[in-house]
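So the chains spell out like this:
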Amino acid sequence: MLKLPIYLDHNATTPCDPRVMEVMLPFFTEQFGNAASRSHSFGWQAEEAVDYAREQVARLIGAEPKEIIFTSGATEGDNLAIKGVFEMYAGKGNHIITCVTEHKAVLDTCKHIEKLGGEVTYLPVNKEGLIDVQQLEAAITPRTILIAIMYANNETGTIQPVKAIGALAKKHNVLFFTDATQAVGKIPVDVIKDDIDLLTCSAHKMYGPKGVGALYVRRKNPRVRLTAQLDGGGHERGMRSGTLNVPGIAGFGKAADICRQDLQADTERMSRLRDKLENALLQLDATFVNGSRTSRLPHVANISFNFVNGDGLMMGLNKEVALSSGAACTSASMEPSYVLKALGVEDDLAHSSLRFSIGRYTTSEEIDFVIEKVTNTVNELRAMKTI
Amino acid sequence: MSNRIYFDNAATTPLDPAVLEAMMPYFTDKFGNPSAIYSYGRESRLAIENARKIVAKILNAHPAEIFFTSGGTESSNTAINAAIHDLGCRHIITSPIEHHATSHTVEHLYRHSEATLSFVKLLPNGHVDMEDLERLLAGSTEKCLVTLMHANNEIGNMLDLHAVGNLCKMYGAIFHSDTVQTVGHFPFDLRNTPVHFITGAGHKFHGPKGVGLLYINENVKIKPYIHGGAQERNMRAGTENLYGIVGFAKALELATERYEADSRYIQELKVYMMEQVKKAVRGVSFNGDPLGRSLYTVLSVSFPKTEKSEMILFNLDMNNICASGGSACTSGADQGSHVIRAINNNPNQVTVRFSFSKHNTKEEIDFVVEKLKDMI
């Protein structure tokens, strides 16, 4: 028996893995200490748990534990990275390069930077959702302090040429920040190989808890400095004050560990399911994949169904399949996805697009059901339209 | 380790099992992103809005005035920065005994020439000198932000929110109060309290870590501090800490239900400890106004400095007694407590903060006092 609705919106959030829960539980009621309490064992236990999690998260992205700053989530991390660099490197310049398909956490922060007198270049993307590295290089000026390009897009799964961007940033002595919220835990990410200076990720996108994330801040070649955005007790090496969410952080560590160990197997399994779903749905007429199909996260498919009313499509599926037409953060708005628009998708078609994101617990039976359900719904809607 | 005595409840408190129970379904089962429009998302949205209503009702505020954050530090940073950037305040009036979430934020703004800074005088018992506060407000040529904490985390002194709020009103100042030590420990009636911003942290009253409260009075309009999503009615971007928020409301609900009994019980513990310590240790003194306007959870004790008593925190720990030298947030720093320095600059004393919860007992106090005798 299938349990409905089938959840295919893992880019929005994921359920907590039971193994993660198990690790978190003792830190709520028993080992509940404040990690900053230095005078007793409750505090030390909490600090030890945080340090262990720091190692686990660092290992997942090839960083040193000291380079991991825990935050309340990727949005806070994005804010801290961009505003922190903007304030700290004001002496060097005020120019930031980003791209039009970034998450709102980056785009809105950049808009705020502009209000503060910063200059921001928003690079376009091609039909596949990729930026042009040469165009990026051409945009770099002596005043450029930061390149902020996401690792993989949340709506299309398109993976940017991160390695090339990192190399370019290094060559021009500009910092490279990547919002890797959707990539970390899903594909191999290595901050050293990719020359990444700053990176954000979030626990709840990788079967960990909500309310906790991490910002990687490189400490060598170059040593990156940030102006803190939350002042206070000087936690997290002074870069992020506030009592640490110990259970959440412990859970994040475990989630990172599981992802690292199961990455290859999970990737293979999920991409098989994704391909099965995608190939089946492409059998329908006038159906297109949005974004790159070669440089893409293994569990994501963004598909447009032409000649279908978008609201009807959502309403037809909604009860039985939980998915979204774009980012969760903007799914309440009626605007067509700005990401798809940037790829050159027409408004109508953007409206009738669905983002499928497969997860750790998705089964082949569920995919079969979804294929049938989507196929029938699309056919019905098209039939209605022709009457 | 089960015999540990935990007298550091101002640093953090254990989560109430009933709170954990309320949170549990949202980890694995009802886990949807609250911004999503399908059933998983709607379920989460409902849980968050329900939590907001509960919190608003308890604090007698409007749900639209309640915002959830990652904790007290973020709440204070948001409020203080907003007062300067969005509400036109150019002069900050604060005290030398604020939590670092306030003092460092204020100093940052001052260093960047975004505001001038004045420190209100304190009376010998650590209370704010209200006459001096009025002098500062009256003498200010620019719009003021007054940021004064409701209860001090190290010595327990409590501010008269109404008196300060009314002064602020009279002089057109914005009033932010760090209420992290009092939300969940005292009743609030925000509709009838002249304050613009207050803050809270779940983990201070047997709720979860990583979730906080920012109350923004409906009469002030500010811009978000963390950008990038429409969450919290465009005020605080970022996927909501769903279980944290659910837990925050549940913990506040439980604390409110048990307020009468718990506060009386804990106050008795505090008074009992004062009496017993006084009897047991010669030359001991108490910081602040412990029997007056004071937090019933906190007792700050100064012991005469001896070779032995300098090791007191170490020795307490050796006896499985958990207390702290100051606030947890600064206990790593060796500079000592800025709060104690501000009110009691006696170099011949060693200060320990004992802070209690409903889980503590008189027997524990007896044990601790007995041990203290040998540590001085």
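Cut-off values and rules
Residues numbered from 1 in each chain as written. Chains lettered and ligands numbered in written order. Predicted model: local features only at pLDDT ≥ 70, side-chain atom pairs only at ≥ 80, totals over all residues. Heavy atoms only, no water. Helix = DSSP H or I, 4+ residues; strand = E, 2+ residues; numbered from the N terminus. Rg over C-alpha atoms; globule rule 2.2 N^0.38 Å. Buried < 20%, exposed > 50% of the residue type's maximum accessible area, 1.4 Å probe, protein only. Contact = heavy atoms within 4.5 Å. Areas by Shrake-Rupley, 256 points an atom, 1.4 Å probe, with all protein chains shown as cover. Lys, Arg positive; Asp, Glu negative; His and termini not counted. Charge placed at Lys NZ, Arg CZ, Asp CG, Glu CD. Axes fitted to C-alpha atoms, helices over the stretch in contact; angles between N-to-C directions. Parallel < 35°, antiparallel > 145°, perpendicular 65-115°, else oblique. Left-handed = near helix turned anticlockwise from the far one by under 90°. Buried area = accessible area lost by both parts, 1.4 Å probe. Salt bridge = Lys/Arg side-chain N within 4 Å of Asp/Glu carboxyl O. Nonpolar A, V, L, I, M, F, W, Y, C, P; charged D, E, K, R; others polar. Pairing = 2+ DSSP bridges. Right-handed = clockwise from strand over helix to strand, strands pointing away. Polar contact = N/O pair within 3.5 Å; in protein donor to acceptor, adjacent residues only side chain to side chain. Patch = residues over 30% accessible without salt bridge, like charges linked within 9 Å, V, L, I, M, F, W, Y side chains within 5 Å.

Here the focus is the overall build of chain B. On a plain count of helices and strands, chain B comes out with 13 helices and twelve strands. In terms of overall size, chain B behaves like a compact globule, its C-alpha atoms giving a radius of gyration of 21 Å where 376 residues would be expected to give roughly 21 Å. Expressed as lengths along the three principal axes of its C-alpha atoms, the size of chain B is roughly 65 × 55 × 35 Å. Expressed as a percentage of the 376 residues in chain B, the buried residues total 64%. Sequence-distant contacts, at least 24 apart, represent 74% of the contacts inside chain B between residues at least 6 apart. On chain B, roughly 14,200 Å² of surface is accessible, and the fraction owed to carbon and sulfur atoms is 51%. One way to put it: in chain B the 36 positive side-chain charges average out to a point 2 Å from where the 40 negative ones average out.

The next thing to look at is the packing of helix 6 (residues 130–139) of chain B against helix 7 (residues 161–170) of chain B. All names here are of chain B. It is at 10 Å that the axes of helix 6 and helix 7 come closest, and there the two elements cross at 20°. It follows that helix 6 is roughly parallel to helix 7 by the angle criterion. Between helix 6 and helix 7 lies a crossing whose hand is right-handed. Facing helix 6, whose interface residues are Met-130, Leu-133, Glu-134 and Leu-137, helix 7 presents Ala-163, Val-164, Leu-167, Cys-168 and Met-170.

The subject of this paragraph is the interface of chain A and chain B. The extent of an interface is frequently quoted as the accessible surface area lost upon association of the parts. Contact residues are listed per partner, giving 65 residues for chain A and 61 residues for chain B. The largest per-residue losses of area from chain A upon contact with chain B belong to Phe-32, Lys-210 and Asp-231 of chain A, which jointly make up 13% of the total buried on that side. At the boundary of chain A with chain B, the tally comes to zero salt bridges. Among the residues making up the side of chain A that touches chain B, the classes are represented as 24 nonpolar, 30 polar and eleven charged.

Our next topic: the pairing of strand 3 (residues 95–99) of chain A. Residue and element names in this part refer to chain A. For strand 3, the buried fraction is high: five of the five residues fall into the buried class. On strand 3, burial covers both faces: His-95, Ile-97 and Cys-99 on one face and Ile-96 and Thr-98 on the other are all buried. As paired strands, strand 3 and strand 4 (residues 119–123) are joined by five bridges and run parallel to one another. If you follow Ile-96 over to strand 4, its bridge partner there is Val-120. Once the chain exits strand 3 it traverses helix 5 (residues 104–115) before rejoining the sheet at strand 4, and the crossover so formed is right-handed. In this structure, strand 3 lies alongside strand 5 (residues 144–148), joined through three bridges in parallel fashion. Looking at the pairing, Ile-97 lines up with Ile-147 of strand 5.

Once that is clear, we can look at the sheet that holds strand 9 (residues 287–289) of chain A. Residue and element names in this part refer to chain A. Across the sheet, which stays open at both edges, the three strands sit in the order 9-10-12 with antiparallel pairing between neighbours. Single-partner strands in this sheet number two, and they are strand 9 and strand 12 (353–357). Each adjacent strand pair in this sheet contributes to an overall mean axis angle of 25°, direction not counted. On the sheet, helix 8 (residues 246–281) packs against strand 9, strand 10 (300–305) and strand 12 and is oriented at approximately 10° with respect to strand 10.

Residue and element names in this part refer to chain B. With respect to the helices, strands and loops of the structure, Asn-157 is situated in the loop between strand 5 (144–147) and helix 7. Among the polar contacts listed, one links the side chain of Asn-157 to the backbone oxygen of Asn-125, at a separation of 2.7 Å. Excluding residues within four positions of it along the chain, Asn-157 makes contact with Asn-125, Gly-126, His-127, His-150, Ala-151, Asn-152, Gly-288, Asp-289 and Arg-293.

Bringing a nonpolar patch on the surface into the picture now. A cluster of nonpolar side chains, contributed by Met-311, Phe-314 and Met-318 of chain B, occupies part of the molecular surface with about 330 Å² of accessible area. Here Phe-314 of chain B is to be found in helix 11 (residues 312–318).

Working note: regular strand, side chains alternate between the two faces of the sheet. Residues and elements named next belong to chain B. Burial along strand 2 (residues 66–69) is two-sided: Ile-66 and Phe-68 facing one way and Phe-67 and Thr-69 facing the other are all buried. In this structure, strand 2 lies alongside strand 8 (residues 212–216), joined through four bridges in antiparallel fashion. Bridge pairing in strand 8 places Thr-69 opposite Gly-212.

Tallying each qualifying case throughout the model produces 30 salt bridges over all chains. The partner of Glu-137 of chain A in a salt bridge is Lys-171 of chain A, and the shortest N-O contact between them spans 2.7 Å. Of the two residues, Glu-137 of chain A is situated in helix 6 (residues 133–139) and Lys-171 of chain A in helix 7 (residues 162–171); the sequence distance between them amounts to 34 residues. Given the relative accessible area of 59%, Lys-171 of chain A is considered exposed. A salt bridge links Arg-258 of chain B to Asp-16 of chain B; the nearest nitrogen and oxygen atoms lie 3.1 Å apart. Separated by 242 residues along the polypeptide, Arg-258 of chain B in the loop between helix 9 (242–257) and helix 10 (259–280) and Asp-16 of chain B in the loop between strand 1 (5–6) and helix 1 (17–23) bring together distant segments of the chain. Each of the salt bridges in this network shares a partner with another, and the network as a whole consists of Asp-17, Arg-19, Asp-262, Asp-266 and Arg-360 of chain A.

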